[in-house]
Amino acid sequence: MNPRRNGDLTNTRITEIRIETPPGCMGECDWHTARMLQSGALEYCGRRNAVKDGDCKGSVNLYTFDMIANVILESGFLDVPPSGNDYASTMGRYSIDLVIDGQQRNFQHDAAFTPPLFWAVVRLVEMMVGNAKWGEDHYNEAVATYPSRLDGSYYRGAKR
């Protein structure tokens, strides 16, 4: 367990996870960007062959966000080497941006040459997006709930 969290599984050092599958592959690769905040708020833009088309908002499950953030922090993901020269594939690139302790970090690899741990985190983040609740109401609820999440009352069942 990460000692900086002092045993609190809901207080990760990661406050934002952003994934992008930019254009560049031949064929049926999707092209989308999803930005998830620690509040559960989700901002999504689907462009080609994506789950949803256009700009959308919604929310992701708070516990799933925390679990994925903890996997990233504790699995060695932060030590995944930079992409190097792996641009030869037509399968598409994945980019993951994280905000950790207020600092932004970027990780990106071509799908054909992706280190296994990077691929696993990509799949976890894509699963979180795939299970999102869509709509402005869900987005607004995530934003409104966040302060009670920070003070712990959300987890104690207190009413907002």
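Worth saying up front: this structure is predicted, and the values here are computed from it rather than measured.

1. Details of the packing of helix α1 (residues 62-74) against helix α2 (residues 116-130)
In the contact formed by α1 and α2, the axes pass within 10 Å of each other and the chain directions differ by 170°. Taken together, the axis directions place α1 and α2 in an arrangement best described as roughly antiparallel. Facing Thr64, Phe65, Ile68, Val71 and Ile72 of α1, the residues of α2 in contact are Val121, Leu124, Val125, Met127 and Met128. In terms of residue class, the contact of α1 with α2 is built from 9 nonpolar, 1 polar and no charged.

2. A few points about the pattern of salt bridges
Two side chains of opposite charge can pair, provided their charged atoms sit close to one another. Within the structure shown, the criterion is met by 5 salt bridges. The salt bridge partner of Arg35 is Glu16, with a shortest N-O separation of 2.9 Å. Of this pair, Arg35 sits in strand β2 (residues 31-37) while Glu16 sits in strand β1 (residues 14-21), and the two are 19 residues apart along the sequence. For Arg35, a relative accessible area of 26% translates into the label partly exposed. For Arg18, the salt bridge is made with Glu20, and the minimal N-O distance between the two is 3.3 Å. Three or more residues joined by partner-sharing salt bridges are found here, namely Glu16, Arg35 and Glu43.

3. What about the nonpolar core?
Grouped together as the largest cluster of nonpolar side chains are 30 residues, with contacts concentrated most on Ile17, Met36, Ile72, Phe77 and Leu98. At 6 residues, the largest contribution of residues to this core is made by α2. Residues contacting Ile17, with those up to four places away along its chain left out, are Ala34, Arg35, Met36, Phe65, Ile68, Ile72, Asp97, Leu98, Val125 and Met128.

4. Some remarks on α2
Think of an α-helix as 3.6 residues a turn; residues three or four steps apart then line up on the same face. Look at α2: 21 Å from first C-alpha to last across 15 residues, which is about the 21 Å you get at 1.5 Å a residue. Every buried residue of α2 is listed here: Phe118, Val121, Val122, Val125, Glu126, Met128 and Val129. Buried residues of α2 fall within an arc of 155° about the axis and therefore sit on the same side. Exposed residues on α2 whose side chains face more than 90 degrees from its buried face are Pro116 and Gly130.

5. What about the confidence of the model for the protein?
Counting all residues, the mean pLDDT for the protein is 80, and 71% of those residues have values of 70 or more. Summarising per-element confidence for the protein, the mean pLDDT is lowest in helix α3 (residues 136-151) (84) and highest in strand β7 (residues 133-134) (96). pLDDT under 50 marks residues 1-9. Its contacts with residues more than four places away, or in other chains, come to 14 contacts.

6. Details of the side chain of His32
Its place among the elements puts His32 in strand β2. For His32, a relative accessible area of 1% corresponds to the buried category. Those residues in contact with His32 that sit more than four places away from it in its chain are Ile19, Glu20, Thr21, Tyr44, Cys45, Gly46, Arg47, Ala50 and Glu126.

Conventions adopted
- Residues numbered from 1 in each chain as written.
- Predicted model: local features only at pLDDT ≥ 70, side-chain atom pairs only at ≥ 80, totals over all residues.
- Heavy atoms only, no water.
- Axes fitted to C-alpha atoms, helices over the stretch in contact; angles between N-to-C directions.
- Helix = DSSP H or I, 4+ residues; strand = E, 2+ residues; numbered from the N terminus.
- Parallel < 35°, antiparallel > 145°, perpendicular 65-115°, else oblique.
- Contact = heavy atoms within 4.5 Å.
- Nonpolar A, V, L, I, M, F, W, Y, C, P; charged D, E, K, R; others polar.
- Salt bridge = Lys/Arg side-chain N within 4 Å of Asp/Glu carboxyl O.
- Buried < 20%, exposed > 50% of the residue type's maximum accessible area, 1.4 Å probe, protein only.
- Core = buried A, V, L, I, M, F, W, Y, C linked by side-chain atoms within 4.5 Å.
- Expected span 1.5 Å × (residues − 1).
- Arc of directions from axis to C-beta.
- pLDDT = per-residue confidence, 0-100.

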